[in-house]
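# Structural description and commentary
Listed here are the chains, written in short residue letters.
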Amino acid sequence: MKIGLLGFGTVGKGVYDLTKPRADMQVVRVLCRRELHLPDAEVTHNFEDILRDDSIDTVVEAIGGLHPAWDYVKSAIEAGKNVVTANKAMVATFYDELIPLTEKMGVHFRCTASVGGGIGWLSELERVRRIETVSRVGGIMNGTCNYILDSMSRLNLDYAEALRQAQELGYAEADPSTDVDGIDTWHKLIVSANIAFGVSLDRNAIPAAGIRSISAADVEEFKKRDLVCKLVSTATSQDGRFSAYVQPTLYPQGQPEAAVPANYNLITLEGNVSGRQSFFGQGAGRYPTAYNVVQDCADFLTGHGFYGPGGPKVSIDNSEKMVYYVRGEKDAWLVANGAESWGSAIVTKPVSVEDMHAWLRAHPGSFIAAVPSYL
Ligand code: HSE
């Protein structure tokens, strides 16, 4: 396999390092903006050099972001090259165009590292889909947010210091808003649910609440009740009805989610044959991510392309009701739906996911977290 590698940042350099000693795949050209010299690969500033090189059968996209990443990936697929990417934003955004295009061109496409970093989560969904129907996917999918929440809860760090450390460790996206506002988790949920359910969810109807506004006082309230806050994604599929959302969620100590440390992810599926299965591992970082990129390249060598057929566009129904911890302006809706107070926050009666997220959009700077119904 001859690889054209787009980007030589955290992931690109990791892919280069992992493929270097291998006989079955070789990075022959690297697209990189800065000056770079490699002993065994040609470095170019021009994507056309990779596109026009007929010896390159596989393009690994490690630039991130939407553009020019998508333009390059699209051109590579149209030129008949196989593509591997870790770029969840691109896959989630262009899913409806991307998957039919790969099917039309008959090329391989995989994006295992885009969700769960080093966890073989999407690869396992491919196997799951061969045997059973998946009714639920989701979990802790963002290493940066988990690192921040874990540090606030276990080490009593404040939010700013915990974020600074996550950035220093290379977990955070270039713009950390993507992580802390739940957008990265939102992208990963869309990719996971589309693959698991064999559909294309109406992503504009999927709400995301992040952790930007969590305070030490919130964490204190949770600790008093032996609760741990995590940023969690959920998507369900039941009798043709689909729900999907991203939100901070409280777990009692002792639940697996509550114990997830540092930059780790814990992603779970529910299947009608295997039941509940969870996948745990490092969700971010150079080598965990590069590991799954190289695994995808190895899958191409054994003839494995995408994880299963794409599917129809489907709408979202988030009418499911749950209880929320809400810290923000106590307006008429919140007071009418309040059941009790935790410190300066209100804990609601069961309200719909849809209504709670609509309230949050109207009250930026507030913080919400789903409370388990059995508390
Ligand atoms: N910023 C992402 C995270 C990187 O923290 O999980 C891996 O997708």
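Description of the structure in this document.

How each quantity is defined
- Residues numbered from 1 in each chain as written.
- Predicted model: local features only at pLDDT ≥ 70, side-chain atom pairs only at ≥ 80, totals over all residues.
- Heavy atoms only, no water.
- Near = heavy atom within 4 Å.
- Polar contact = N/O pair within 3.5 Å; in protein donor to acceptor, adjacent residues only side chain to side chain.
- Areas by Shrake-Rupley, 256 points an atom, 1.4 Å probe, with all protein chains shown as cover.
- Helix = DSSP H or I, 4+ residues; strand = E, 2+ residues; numbered from the N terminus.
- Nonpolar A, V, L, I, M, F, W, Y, C, P; charged D, E, K, R; others polar.
- Pairing = 2+ DSSP bridges.
- Buried < 20%, exposed > 50% of the residue type's maximum accessible area, 1.4 Å probe, protein only.
- Lys, Arg positive; Asp, Glu negative; His and termini not counted.
- Salt bridge = Lys/Arg side-chain N within 4 Å of Asp/Glu carboxyl O.
- Contact = heavy atoms within 4.5 Å.

In the vicinity of the ligand, the contacting residues are Lys88, Asn142, Gly143, Thr144, Tyr171, Ala172, Glu173, Asp179, Asp184, Lys188, Gly283 and Ala284. At 2.6 Å, a side-chain N or O of Thr144 approaches an oxygen atom of the ligand. Relative to its free-state accessible area of 250 Å², the ligand is covered by the protein chains to the extent of 94%. When residues of the shell around the ligand are traced back to their parent elements, those giving at least two are helix H6 (143-154) and helix H9 (183-197). Of the residues that constitute the shell around the ligand, the class distribution is three nonpolar, four polar and five charged.

Sheets are built from strands paired through backbone hydrogen bonds, the pairs being either parallel or antiparallel. Pairing is parallel in the open sheet, where six strands are placed in the order S3-S2-S1-S4-S5-S6. For this open sheet the edge positions go to strand S3 (42-44) and strand S6 (109-110), each flanked by a neighbour on one side alone. Relative to strand S4 (residues 58-61), strand S1 (residues 2-6) is paired through four bridges, and the arrangement is parallel. Directly across from Gly4, in S4, lies its bridge partner Val59.

When you line up the elements, Lys230 lands in strand S9 (residues 227-238). For Lys230, which is buried and forms no salt bridge, the nearest opposite charge comes from Asp150, at a distance of 4.6 Å. A polar contact of 3.1 Å, which involves the side chain of Lys230, links it to the side chain of Asn146. At 2.9 Å, the side chain of Lys230 forms a polar contact with the backbone oxygen of Val260. Beyond its immediate sequence surroundings of up to four residues, Lys230 is in contact with Ile140, Asn146, Leu149, Asp150, Gln247, Pro248, Thr249, Tyr251, Glu257, Ala258 and Val260.

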